[in-house]
Amino acid sequence: MLLSEIKATLHAVAATGEDDAQLSQVDISTACGSDLLSDVLAFVKDQSLLLTGLVNAQVIRTAEMMDIMAICFVRGKEPTDEIIDLAREKGITVLTTEHPMYVTCGKLYAKDLGVRADAQDL
Amino acid sequence: MRRTYDIDGKDFSVAGAASSDFKVLLKKLGIPGDVIRRVSIAMYEAEINTVIHGGGGKCEAEIADNRIVISFIDQGPGIPDIDAAMQEGFSTASEQIREMGFGAGMGLPNIKKYTDDFQIQTVVGKGTTVTLCINL
């Protein structure tokens, strides 16, 4: 699923400033919703989008280590300028959405994001 | 090739800077992506542990012909029960650290999962040295 479609589905804003043409260049194959970075480090796969309500610099560091391409902060959480600058430096797109975690995950799952990967794990 | 890093135990916002720098170096050297990913995750977990539990310390990272060896050395309180610390879900992290997204008791098991060799030397009251090895 293209990041531009994810942004539209979640009525999200690109805090790192990419326009829709740039976001349409990024293809995401699965997503992970978690406020536990330890779990993200243990289980997340490639080509992922991280959905989280946790807002600190370690979210960006964790994404960097996991080669996570984009992060979406849920339930209206606003990243600080420091967090956005670090994400830009690492080439990670940051989205923000007003939707809570449950709704965010549901909207993306309903559009088949990660459904195939989930089925392969079972 | 060797890199040495000071790990600041007081500023959690810069935790992971060493792992980030080393990952950039590995990419520049053309190390395979799957190896970089394993090194990055294990090193980052160990760096976070050094900040959270060790109060900071030093990291020595070496790229040899056939393997990458990374050591984190701290003068923190040590680990009283290594067997317990290796169990998934066991954690002594503070509530403040848990609010930052860590302290779920996955750190050491995760390091073991992503490395080819993993050693812990610890003396209660004196400190801990964690050594990770990933084969090339």
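Keep in mind that what you see is a predicted model, and the values were worked out from it rather than measured.

With that settled, the discussion passes to the overall build of chain B. Counting its regular elements, chain B contains 5 helices and 5 strands. For chain B, the succession of helices and strands along the chain, N to C, is β-α-α-β-β-α-α-α-β-β. Its C-alpha radius of gyration of 14 Å places chain B within 12% of the 14 Å reference for a compact globule of 136 residues. Overall size of chain B, expressed as C-alpha extent along the three principal axes, is 40 × 30 × 25 Å. Buried positions account for 51% of the 136 residues belonging to chain B. Working note: accessible area of chain B is about 6600 Å², and carbon and sulfur atoms make up 47% of it. Across chain B, the centroid of the 14 positively charged side chains sits 5 Å from that of the 18 negatively charged ones.

Helices and strands together make up the secondary structure of chain A, namely 7 helices and 5 strands. Each helix and strand of chain A, ordered N terminal to C terminal, gives the series α-β-α-β-α-β-α-β-α-β-α-α. Relative to the globule expectation of 14 Å for 122 residues, the C-alpha radius of gyration of chain A, 13 Å, shows essentially globular dimensions. Summarising its shape, the C-alpha atoms of chain A cover approximately 40 × 30 × 25 Å along the three principal directions. Taking all 122 residues of chain A together, the buried fraction comes to 52%. The long-range share in chain A, meaning contacts at least 24 apart out of those at least 6 apart in sequence, stands at 51%. For chain A, the exposed surface amounts to about 5600 Å²; the carbon and sulfur share of it is 51%. Each charge class in chain A can be summarised by its mean position, and for the 10 positive and 19 negative side chains these summaries are 3 Å apart.

Let's shift gears to the interface of chain B and chain A. Note on interface size: it is often stated as the accessible area lost on association of the parts. Contacts between chain B and chain A engage 25 residues on the former and 23 residues on the latter. Of the roughly 1900 Å² buried where chain B meets chain A, counting both sides, 50% is carbon and sulfur surface. Of all residues in chain B, the largest losses of buried area upon contact with chain A belong to B:Lys23, B:Arg37 and B:Tyr44, amounting jointly to 29% of the total for that side. Here chain B and chain A share 1 salt bridge between them. Remark: the boundary between chain B and chain A carries 15 residue pairs in polar contact (both at pLDDT 80 or more). Mapped by element, the contributors of at least two residues to the side of chain B that touches chain A are α1 (17–28), α2 (33–52) and α5 (107–114) of chain B. Per-element accounting of the side of chain B that touches chain A gives the leading share, 6 residues, to α2(B). Of the residues in the side of chain B that touches chain A, the class split is 12 nonpolar, 8 polar and 5 charged.

Before going further, it helps to spend a moment on the packing of aromatic side chains. The description of an aromatic ring pair rests on the distance of the ring centres and on the angle between the ring planes. Residue and element names in this part refer to chain B. All chains considered together, the criterion is met by 2 aromatic pairs over all chains. Measuring from centroid to centroid gives 5.9 Å for Phe12 and Phe102, while their planes differ by 80°, and the two rings are edge-to-face. Of the two residues, Phe12 sits in the loop between β1 (2–8) and α1 while Phe102 sits in the loop between α4 (95–99) and α5, which places them 90 residues apart along the sequence. With a centroid separation of 6.3 Å and an interplanar angle of 65°, the aromatic rings of Tyr44 and Phe102 are classed as edge-to-face.

It is generally the case that most residues other than glycine have a negative phi and that most peptide bonds are trans. Residue and element names in this part refer to chain A. For Arg75, which is not glycine, the phi torsion reads 40° and is therefore positive. Among the structural elements, Arg75 can be located in the loop between β4 (70–73) and α5 (81–90). The phi dihedral of Asp112 falls on the positive side, at around 75°, and the residue is not glycine. Position of Asp112 among the secondary structure elements: in the loop between α6 (101–110) and α7 (115–121). Residue class for Asp112 comes out exposed when judged on its relative accessible area of 56%.

A word on the sheet that holds strand β1 (residues 13–14) of chain A. Residue and element names in this part refer to chain A. In space, the 5 strands of this open sheet follow the order β1-β5-β4-β3-β2, with mixed pairing throughout. Each having just a single partner strand, β1 and β2 (30–33) make up the two edges of the open sheet. α6 contacts β2 and β3 (48–52) of the sheet and is inclined by roughly 155° relative to β3.

A few words now on the packing of helix α4 (residues 57–66) of chain A against α2(B). Orientation of α4(A) relative to α2(B), taken along the N-to-C sense of each, is 150°, at an axis distance of 8 Å. With respect to each other, α4(A) and α2(B) are oriented roughly antiparallel. When α4(A) is examined against α2(B), the residues A:Gln58, A:Arg61, A:Thr62, A:Met65 and A:Met66 are found in contact with a partner set consisting of B:Arg37, B:Ser40, B:Ile41, B:Tyr44 and B:Ile48. Grouping the amino acids of the contact of α4(A) with α2(B) by side-chain chemistry returns 5 nonpolar, 3 polar and 2 charged.

The next thing to look at is the confidence of the model for chain B. Confidence in the prediction of chain B, expressed as mean pLDDT, is 92, and 100% of residues score 70 or more. In the model of chain B, α4(B) stands out as the element of lowest mean pLDDT, 84, in contrast to strand β3 (residues 67–74) of chain B, which has the highest, 97.

The rules behind these values
Numbering of residues begins from 1 in every chain and follows the order in which that chain's sequence is written. Labels follow written order: the first chain is A, the first ligand is 1, and so on. With the structure being a predicted model, the display of local features is reserved for residues of pLDDT at least 70 and the display and counting of side-chain atom pairs for 80 or more, all residues being used for whole-chain, interface and lining totals. With hydrogens and water excluded, all non-hydrogen atoms of the structure serve as input to the side-chain values. Helix numbers and strand numbers start at the N terminus; a helix is a DSSP run of H or I with at least 4 residues, a strand a run of E with at least 2. The globule rule used for comparison is 2.2 Å times the number of residues to the exponent 0.38, while the radius of gyration itself is calculated over C-alpha atoms. For each residue, the accessible area found with a 1.4 Å probe, counting protein chains only, is set against the maximum for its type, and the residue is called buried under 20%, exposed over 50%, and partly exposed in between. Under the convention used here, a 1.4 Å probe and the Shrake-Rupley method define accessible areas, while residue burial counts only the protein chains that appear. Charge counting treats Lys and Arg as positive and Asp and Glu as negative, with His and both chain ends excluded. Taken as the charge centre is NZ of Lys, CZ of Arg, CG of Asp or CD of Glu, depending on the residue. Here, residues are in contact when the closest pair of their heavy atoms is within 4.5 Å. Summed over both partners, the accessible area (1.4 Å probe) lost when two parts come together is defined as the buried area. Salt bridge, as used here, is a side-chain nitrogen of Lys or Arg placed within 4 Å of a carboxyl oxygen of Asp or Glu. N or O atoms closer than or at 3.5 Å make up a polar contact, with two conditions inside protein: a donor-capable atom paired with an acceptor-capable one, and, for residues adjacent in sequence, both atoms drawn from side chains. Residues are grouped as follows: nonpolar covers Ala, Val, Leu, Ile, Met, Phe, Trp, Tyr, Cys and Pro; charged covers Asp, Glu, Lys and Arg; every other residue, Gly included, is treated as polar. Pairing of aromatic side chains here covers Phe, Tyr and the six-membered ring of Trp, requires ring centres within 6.5 Å, and sorts the geometry by plane angle: under 30 degrees stacked, over 60 edge-to-face, intermediate tilted. Strands pair, by our definition, only if DSSP identifies at least two bridges between them. Only C-alpha atoms enter the line fits that serve as axes; for helices the fit covers just the stretch in contact. Angles between N-to-C directions range over 0 to 180 degrees. Orientation is classified from the angle alone, with under 35 degrees giving roughly parallel, over 145 giving roughly antiparallel, 65 to 115 giving roughly perpendicular, and any other angle giving oblique. pLDDT expresses, on a scale from 0 to 100, how confident the predictor is about each individual residue.

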